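Overview (structure and organization)
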Amino acid sequence: MSSPHADPARPAGTGSGRRILALHLPLLAVDRQILIAQASGDADAARHWRHGPAACHAPGPPGPMITIPNPAARAAGVRAGMTLAEARARTAGDILLAPADPRGDRRALAWLADLADRFSPAVGLDGDQGLLLDITGVAHLFRGEAGLIARAGALIRGRGFRLTAAIAPTPLAASAFARAQAYTHAHAQAHPPADATVVVAHDRAGPDETRAALARLVGPLPPEMISLDGERVRRVAEGLARLGIRRVDALDALPRSSVAERFGSGLLDLLDRLYDRAPDPLHPRRPSAPVEVRISWAEPIGRAEDIAAATAALVDDLVADLGAAGLGARRLALSVHLVDGRLHRAELGLALASREPRHMMRLLAERLDRIDPGLGIEVMVLAAPVVQPLADLDRSLPGLGQAPLSAGTGGAAVAALIDRIDARLGNGRVRAVRIEAGVMPETAIKLIPAAIAPQRAARIDDGPHQVTAPRPARLLARPEPALVVAALPDDPPARLRWRGRLHRVHLADGPERLTGPWWESPGTPAEARDYYRVETEEGLRLWVFRSRGSAGLVLDGGGATDDAAAADDWFVHGIFA
């Protein structure tokens, strides 16, 4: 069998110089159960989850099975994959059980990832039980890597979650070291100590020193630690154990062609990523903003004037970066991280792309008053997640410093007003009209936040279908049924009853036929409507339609109506000014 790694020579190291921090939460589900019990006021349950045998379970082929036991249950012999009956037998029935909640665990992990944004601009998820942070070049902001690990550990432990940590040049190596610590302590029936951390070399070490330290620490790891794909890696580890291979360095010493032929080239790829011989990307949970600036303090700030000054400095830095890139911001995102672990986040939309610092500061000032600094602010981040090209010439224009919303001269001032109202009342409160590719009136237009609207006022003629008759100034949210009397089935209404009142029609014009898209009802005729503009004797001007294929109400020769023919097939859809 041919192999892409037939050459026995190992790939050269990447020498990337990256520093990745892995935070592994081996008891995430158990810790959540403790927090849930505490929140509900059940002190006994919280105490049992912390000190007594307890476990989470999920459905399995033979019935409910244990997914994660706590340390006390593990000490009693309870293991993941064990049936509930066996778990109860091993603990003499003294085990507290709860259904596993993977969705809740993922939400908790995402929440912790948001909190970890204060330590790194790139935070990714490491499976369902960990976080990966790219801390390259940022450790000095936290008094070195030791200070950063201490701060990150204190933040997560302060939220009630136990963890192990590791720093390595690659995400896979950092994750493997963090998980290996949790594995070791779990099998020793002990909690990992607060300082349980593996650090590969140090952030100022050279490439050769880092690579040597990485190889020395990676070598003793069991092969099952090199991947999150538990079931597949377990089978590979069992196959390696039958060959007497129980360490990663022994696996790496085997001929690469033989490993590829027996276990697949994917295992070689994992080894190369682990040893920093091949690129090992970190996938951030949120895409990095095109432009982002941040500021942190050794001593937290809390005074209103200090917060305003810090925000102004962030705005100046953001504007400088936007100008260097020839961009303007269409959206701003301000994140304020507090010492007690809380996070304040505010997002603002701009009606026009801008890099005018006074305008940005005016918008952000609307949100600063809502921030309660509590014990103090330690990190502030300002990002422009949505940008668009903005020429230097545009910035010199009066007002916002860009082209107006429309051909009118007050477009820039209107955009500034939209931004101010949105900042004060909340994003999306100011709406604009967008023309959609729809024939029926209720689908032809859509209200969208003005901050993301096109830079030209929408007109009904912008749609893909030609409008052949006037449209009402007010379109009802949904067509309202009306009882109509007509001289002939295809004639316009002579009288109509709508909203409990009878209206006599004085003038009528139409019909205008609109047909719905055929693909929405395959196999059946598309919906068709005949629209009329009618004016009542009281001067009320309505837009009404009749569904195709209905007899309606017909006047007989004496002016009487045939009530048996009545049907709710007429509707009032709009009101003209």
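Our structure's up above, just so we're on the same page.
A few points on the structure. The model shown is predicted, which means the values in this text are computed figures rather than measured ones. (Residues numbered from 1 in each chain as written. Predicted model: local features only at pLDDT ≥ 70, side-chain atom pairs only at ≥ 80, totals over all residues. Heavy atoms only, no water.)

Looking at the overall build of the chain
A tally of helices and strands in the chain yields 17 helices and 20 strands. Across the 577 residues that make up the chain, the buried fraction comes to 45%. Considering only contacts in the chain between residues 6 or more positions apart, those separated by 24 or more positions represent 65%. Summing over all exposed atoms, the chain offers an accessible surface of approximately 28200 Å²; the carbon and sulfur share of this is 55%. (Helix = DSSP H or I, 4+ residues; strand = E, 2+ residues; numbered from the N terminus. Buried < 20%, exposed > 50% of the residue type's maximum accessible area, 1.4 Å probe, protein only. Contact = heavy atoms within 4.5 Å. Areas by Shrake-Rupley, 256 points an atom, 1.4 Å probe, with all protein chains shown as cover.)

A short note on the sheet that holds strand β7 (residues 164-168)
Strands sit in the order β5-β6-β1-β7-β8 across an open sheet of five strands; the sheet is mixed. The open sheet is flanked by β5 (123-125) and β8 (197-199), the only strands paired with a single partner. The average angle at which neighbouring strand axes cross in this sheet is 15 degrees, direction not considered. The pairing of strand β1 (residues 20-24) with strand β6 (residues 130-134) spans five bridges and is antiparallel. For His24, the partnering residue across the bridge sits in β6 and is Gly130. Sitting on the sheet, helix α5 (residues 102-115) touches β5 and β6, and the angle it makes with β6 is about 25 degrees. (Pairing = 2+ DSSP bridges. Axes fitted to C-alpha atoms, helices over the stretch in contact; angles between N-to-C directions.)

Quick look at unusual backbone geometry
In terms of backbone geometry, most residues other than glycine have negative phi values and most peptide bonds are trans. Here the amide bond leading from Gly510 into Pro511 is cis, since omega sits at 5 degrees, within 30 degrees of zero. Structurally, Pro511 is set in strand β17 (residues 501-515). Positive phi is not limited to glycine here, since Arg143 has a value of about 60 degrees. Relative to the assigned elements, Arg143 resides in the loop between β6 and α6 (144-158). Positive phi outside glycine occurs at Asp276, with the angle close to 60 degrees.

Overview of the side chain of Glu145
If you trace the backbone, Glu145 turns up in helix α6. Only 2.8 Å separates the side chain of Glu145 from the side chain of Arg19, close enough to count as a polar contact. (Polar contact = N/O pair within 3.5 Å; in protein donor to acceptor, adjacent residues only side chain to side chain.)

Focus: α6
In this model α6 runs 21 Å from its N-terminal to its C-terminal C-alpha over 15 residues, within 8% of the 21 Å that 1.5 Å per residue would give. Along α6, the residues classified as buried are Glu145, Gly147, Leu148, Ile149, Ala152, Gly153, Leu155 and Ile156. For α6, the secondary structure elements touched by its buried residues are β1, α5, β6, β7 and β8. Of the residues flanking the end of α6, it is Gly160, one or two places downstream, whose phi is positive at about 100 degrees. (Expected span 1.5 Å × (residues − 1).)

Some words on the pattern of salt bridges
Scanning the entire structure with this criterion turns up 26 salt bridges. With a shortest N-O distance of 2.7 Å, Arg247 and Asp249 are connected by a salt bridge. Note on Arg247: relative accessible area 39%, which makes it partly exposed. Across the pair Arg358 and Glu356 runs a salt bridge whose closest N-O atoms are separated by 3.2 Å. For Arg358, a relative accessible area of 60% corresponds to the exposed category. (Salt bridge = Lys/Arg side-chain N within 4 Å of Asp/Glu carboxyl O.)

Thoughts on the packing of helix α1 (residues 28-39) against α5
Interhelical geometry of α1 versus α5 gives an angle of 90 degrees and a closest axis separation of 10 Å. It follows from the interaxial angle that α1 and α5 lie roughly perpendicular. When α1 is examined against α5, the residues Leu28, Ala29 and Arg32 are found in contact with a partner set consisting of Gly104, Asp105 and Ala108. Here the contact of α1 with α5 is composed, by residue class, of three nonpolar, one polar and two charged. (Parallel < 35°, antiparallel > 145°, perpendicular 65-115°, else oblique. Nonpolar A, V, L, I, M, F, W, Y, C, P; charged D, E, K, R; others polar.)

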